[in-house]
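Observations on the three-dimensional arrangement
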Amino acid sequence: MKRFVILGAGTAGTMMANKMDKYLDKSEWEIVVLDRNNTHYYQPGFLFIPFGMYKAKDVVKKKSAYLPKRVNFIVADIGKIDADRNTIIYGDGKELVYDILIVATGTVPSPSETPGYLGDRWYKNIFDFYTFEGAVALSEHFESFKGGKLVVTITELPYKCPIAPLEFVFLADAFFTKKGIRDKVELFFTTPMSGAFTKPIATKMLGALLEEKRINVVTDFYVEGVDEAKNVIRSYDGREVEFDTLVVVPVNLGDELIASSGLGDDMNYVVVDKETLQSTIKPNVFAIGDAANLPTSKAGSVAHFASEVLFENLKAYIAGQPLAHKFDGHANCFIETGFGKATLIDFDYTHEPYPGEYPVAGIGPMTLLGVTRINHWGKLAFKPIYWEFLLKDRKMPVSNRFSMTGKRV
Amino acid sequence: MAQKEYAGVMVEVNNEGYFENSNQWNKEVAAAIAKENNLELTDKHYQVMDFLRERVAKGEALTIRSIGKSGIVDIKGFYELFPGAPLKLATKLAGLKKPLSCV
Ligand SMILES: Cc1cc2nc3c(=O)[nH]c(=O)nc-3n(C[C@H](O)[C@H](O)[C@H](O)COP(=O)(O)OP(=O)(O)OC[C@H]3O[C@@H](n4cnc5c(N)ncnc54)[C@H](O)[C@@H]3O)c2cc1C
């Protein structure tokens, strides 16, 4: 019996387990999935929790419910990959030998990397919304929030879902407007980038939206730490931004186990070929989702598009053929802009987001780089699609490859 | 695309002054761009630039954090070497494309 092992049963690991289940012969292959817990969070939903739009039940399910029956699901902390011996070491030193390994352990917000984040103020007036606990704590904080300086800070690049912090300030603007206290809230957005986003056309469009919504943007701001006595964040070049409430996107890092396996880079992301997703160090190891060091967004949509390519390449690898399928870095993100509207961007390794229609040229129904109600419905529709189609690997009506049709340059 | 002459070399640059082709770079070119930015280059500057060029050649993303971990300078020191927005300035001086570390 050969063994196919997947580390991590989040978005990417679950999708891959469902794909491999349909393909791998039961009499030849055992599929093992390991994760440190059995709680699957719909992470994009964390954005809506602080503003009372989603409740806990919308975002929490059991991981095991989304894995195929034949999968041997082991709940355990994976301590180490010994890639030289094709072995996973987990729990109290238990070992598991694999023939093929997919690493899908994602990326984790690591607030402890920045002095002052995890001090006395944590979850009092300093929050994150990248974790379930953070999002819930913030929703409680906002219930009694009467106004003041609300600062949203990106600490380090890369971090998952690059536009989530922007969506957060847009939704905050709408939320406080509806509460009738927008005039009492000063909104700030600090970023180590020199604009709202990395790609020029989208940065211009999003920058204009920020201005229209009276959100103060502080660029090239690289947080050194929080001065808790003064309630300010300070950058390495000595600038200070004062806050009453601080919402941080902490440094994101791949899991520790990647560091100890010798398969990763200095942010603990698995070093893979950006087209085939195969480890450049060990050919029987692959990585997908946020855990891989791909130069595209760390997002569920990317994991989804990449999963199709990885699946084809795994079939080829098993058959001893060359890995002919190439991932193009396709990413596709809805961006909530508040007041029941959203915009949408679609890009890949080489093309930046352009205006146009998606997925059908000239028709849409979504509008790229436009702010529409239908885009917002698209974002909300993503939750049932995620649980019912994406994770279970049911067919979806979008192509995994980036396409220029429907785009205006 | 524009052309600029640095230390006798014609270099292809984009509208923000970043190199289109990192092979057109050498130490003298870097010194000439540094001068334009009122900087005097030291060995440390060159060590940082070499590090950045190696990372890019390997297809790896650039972050300020990775420079802080490089063993060459810490982040504060990086700001002192390349004041203002150090990653942008350092990549420009190293003849690299503008860093898109987060996409
Ligand atoms: C606030 C927010 C908003 C977002 N919005 C969007 C959006 O609108 N669109 C979009 O496409 N994406 C969005 N994302 C990003 C998306 O959720 C992630 O990119 C996606 O979940 C990545 O999937 P993954 O499988 O790589 O990692 P995850 O889903 O994070 O799964 C990783 C799994 O590995 C397990 N694991 C890690 N280390 C170990 C270990 N040592 N031992 C055992 N188990 C381990 C974890 O428990 C986890 O279950 C958002 C994310 C956040 C936080």
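Look a little higher up for the structure.
So, here is what we can say about the structure in this document. Small disclaimer: the values here were computed from a predicted structure and weren't measured. (Residues numbered from 1 in each chain as written. Chains lettered and ligands numbered in written order. Predicted model: local features only at pLDDT ≥ 70, side-chain atom pairs only at ≥ 80, totals over all residues. Heavy atoms only, no water.)

**Some details on helix H1 (residues 27-36) of chain B**
Residues and elements named next belong to chain B. Turning to H1, its buried residues number three or more, namely Val29, Ala30, Ile33 and Ala34. When H1 is viewed along its axis, its buried side chains cluster within an angular range of 140 degrees and face the same direction. Its side-chain oxygen placed 3.0 Å from the backbone nitrogen of Glu28, Asn26 serves as the N-cap of H1. Where H1 terminates, the next one or two residues include Asn38, which has phi positive at roughly 55 degrees. (Buried < 20%, exposed > 50% of the residue type's maximum accessible area, 1.4 Å probe, protein only. Helix = DSSP H or I, 4+ residues; strand = E, 2+ residues; numbered from the N terminus. Arc of directions from axis to C-beta. Polar contact = N/O pair within 3.5 Å; in protein donor to acceptor, adjacent residues only side chain to side chain.)

**Quick notes on the site of the ligand**
Residues and elements named next belong to chain A. By nearness alone, 29 residues border the ligand, and Thr11, Ala12, Asp35, Lys63 and Ser301 come closest of all. In this structure, a nitrogen atom belonging to the ligand sits 3.0 Å away from a side-chain N or O atom of Asp255. Within the complex, 94% of the 1,000 Å² of free accessible area of the ligand lies under protein. (Near = heavy atom within 4 Å. Areas by Shrake-Rupley, 256 points an atom, 1.4 Å probe, with all protein chains shown as cover.)

**Some remarks on unusual backbone geometry**
Residues and elements named next belong to chain A. Backbone torsion omega between Leu157 and Pro158 reads -10 degrees, so that peptide bond is classified as cis. Note on placement: Pro158 falls in the loop between strand E12 (148-154) and helix H4 (164-179). For the bond from Tyr358 to Pro359, the omega torsion is -10 degrees, close enough to zero to count as cis. Of note, Pro359 is situated in strand E23 (residues 356-360). Not every positive phi belongs to a glycine, and Asn268 is a case in point at roughly 65 degrees. In this fold, Asn268 is placed in the loop between helix H6 (256-261) and strand E20 (285-287).

**Looking at the sheet that holds strand E2 (residues 29-35) of chain A**
Residues and elements named next belong to chain A. Spatial ordering of the open sheet is given by E5-E2-E1-E9-E20, a layout of 5 strands whose pairing is parallel. In this open sheet, the two edge strands, each paired with only one partner strand, are strand E5 (72-75) and E20. The sheet shows a mean angle of 20 degrees between the axes of neighbouring strands, taken without regard to direction. Here 6 bridges tie strand E1 (residues 2-7) to E2, and the two strands are oriented parallel to one another. Among the inter-strand pairings, Ile6 is bridged to a residue of E2, identified as Val33. Along the sheet, helix H1 (residues 11-23) makes contact with E1, E2 and strand E9 (100-103), crossing E1 at roughly 155 degrees. Those strands touched by helix H7 (residues 300-318) are E1, E2, E9 and E20, and its axis lies near 165 degrees from that of E9. (Pairing = 2+ DSSP bridges. Axes fitted to C-alpha atoms, helices over the stretch in contact; angles between N-to-C directions. Contact = heavy atoms within 4.5 Å.)

**Let's talk about empty space enclosed by the protein**
Residues and elements named next belong to chain A. One pass over the full model with this rule turns up 1 cavity of 30 Å³ or more. As for the largest cavity, its lining consists of Gly289, Asp290, Ala292, Leu294, Thr296, Ser297, Lys298, Ala299, Val302 and Ala303. Of the residues assigned to the lining of the largest cavity, the class counts are 5 nonpolar, 3 polar and 2 charged. (1 Å grid on protein atoms, 1.4 Å probe; cavity = no way out; pocket = protein on both sides within 12 Å on 5 of 7 lines; lining within 4 Å. Points joined across faces, edges and corners; volume = space filled by probe spheres on them. Nonpolar A, V, L, I, M, F, W, Y, C, P; charged D, E, K, R; others polar.)

**Concerning the side chain of Ser66 of chain B**
Considering the arrangement of structural elements, one finds Ser66 of chain B in helix H3 (residues 64-68). Residue classification places Ser66 of chain B among the buried positions, given a relative accessible area of 3%. Within the local environment of Ser66 of chain B, its side chain forms a polar contact with the backbone oxygen of Thr63 of chain B, the two atoms lying 2.7 Å apart. When sequence neighbours within four positions are dropped, the list of residues in contact with Ser66 of chain B reads Asp266 of chain A together with Phe51 and Arg55 of chain B.

**As for the sheet that holds strand E7 (residues 87-90) of chain A**
Residues and elements named next belong to chain A. Read across the sheet, 3 strands follow the order E6-E7-E8 without closing on themselves; strand pairing throughout is antiparallel. In this open sheet, the two edge strands, each paired with only one partner strand, are strand E6 (78-82) and strand E8 (94-97). Neighbouring strand axes in the sheet, compared pairwise and without regard to direction, differ in orientation by 20 degrees on average. Examined bridge by bridge, E6 and E7 share 4 bridges and lie antiparallel to one another. Residue pairing in the sheet places Asp82 in a bridge with Thr87 of E7.

**A look at the pairing of strand E15 (residues 223-227) of chain A**
Residue and element names in this part refer to chain A. For E15, the tally of buried residues reaches 4 of 5 residues, placing the bulk of the element in the interior. Alignment of E15 against strand E16 (residues 232-235), held across 4 bridges, turns out to be antiparallel. Its bridge partner lying in E16, Asp227 is registered against Val232. If you look at the hairpin formed by E15 and E16, you'll find 4 residues sitting between the two strands, and Asn231 has a positive phi there, around 55 degrees.

**Considerations on the environment of Ala229 of chain A**
Following the sequence through the fold, Ala229 of chain A ends up in the loop between E15 and E16. On the basis of relative accessibility, which here comes to 77%, the residue Ala229 of chain A falls in the exposed class.

**Description of the packing of aromatic side chains**
Residue and element names in this part refer to chain A. This model, assessed by the stated rule, comprises 29 aromatic pairs over all chains. The interplanar angle of 65 degrees and the centroid separation of 4.8 Å between the aromatic rings of Phe48 and Tyr54 together place this pair among those described as edge-to-face. The exposure classification of Phe48 matches that of Tyr54, with both residues buried. Taking 5.4 Å as the distance between ring centres and 80 degrees as the angle between the ring planes, the aromatic pair formed by Phe142 and Phe176 counts as edge-to-face. A residue pair is termed long-range when its members are at least 10 positions apart, and Phe142 in helix H3 (residues 132-143) and Phe176 in helix H4 qualify at 34 residues. (Phe/Tyr/Trp six-rings, centres within 6.5 Å; stacked < 30°, edge-to-face > 60°.)

**Digging into the interface of chain A and chain B**
Contacts between chain A and chain B engage 22 residues on the former and 17 residues on the latter. The largest contributions to the chain A side of the interface with chain B come from Tyr222, Tyr236 and Asp266 of chain A, which together make up 32% of the buried area. Seen at the junction of chain A and chain B, the total is 4 salt bridges. Salt-bridge contacts for Lys88 of chain B lead to Asp220 of chain A; the nearest nitrogen and oxygen are separated by 2.8 Å. Joining chain A to chain B, the criterion identifies 8 residue pairs in polar contact (both at pLDDT 80 or more). (Buried area = accessible area lost by both parts, 1.4 Å probe. Salt bridge = Lys/Arg side-chain N within 4 Å of Asp/Glu carboxyl O.)

**Brief notes about the pairing of strand E21 (residues 331-338) of chain A**
Both faces of the sheet carry side chains from a regular strand, because those side chains alternate between them. Residues and elements named next belong to chain A. With 8 of its 8 residues buried, E21 lies for the most part within the structure. Relative to strand E22 (residues 341-347), E21 runs antiparallel, the two being bridged by 7 bridges. Residue pairing in the sheet places Asn332 in a bridge with Asp346 of E22. Linking E21 to E22, which pair antiparallel, is a turn of 2 residues; within it Phe339 sits at a positive phi near 55 degrees.

**Focus on the packing of H4 of chain A against helix H5 (residues 200-212) of chain A**
All names here are of chain A. Interaxial distance between H4 and H5 falls to 11 Å at its minimum, and their mutual angle equals 25 degrees. The angle between H4 and H5 places the two elements in the roughly parallel class. Note that H4 runs across H5; the crossing there is left-handed. Taking contact as the criterion, the partners of Leu166, Val169 and Phe170 in H4 are, on H5, Leu206, Leu209 and Leu210. Taken together, the residues of the contact of H4 with H5 sort by class into 6 nonpolar, no polar and no charged. (Parallel < 35°, antiparallel > 145°, perpendicular 65-115°, else oblique. Left-handed = near helix turned anticlockwise from the far one by under 90°.)

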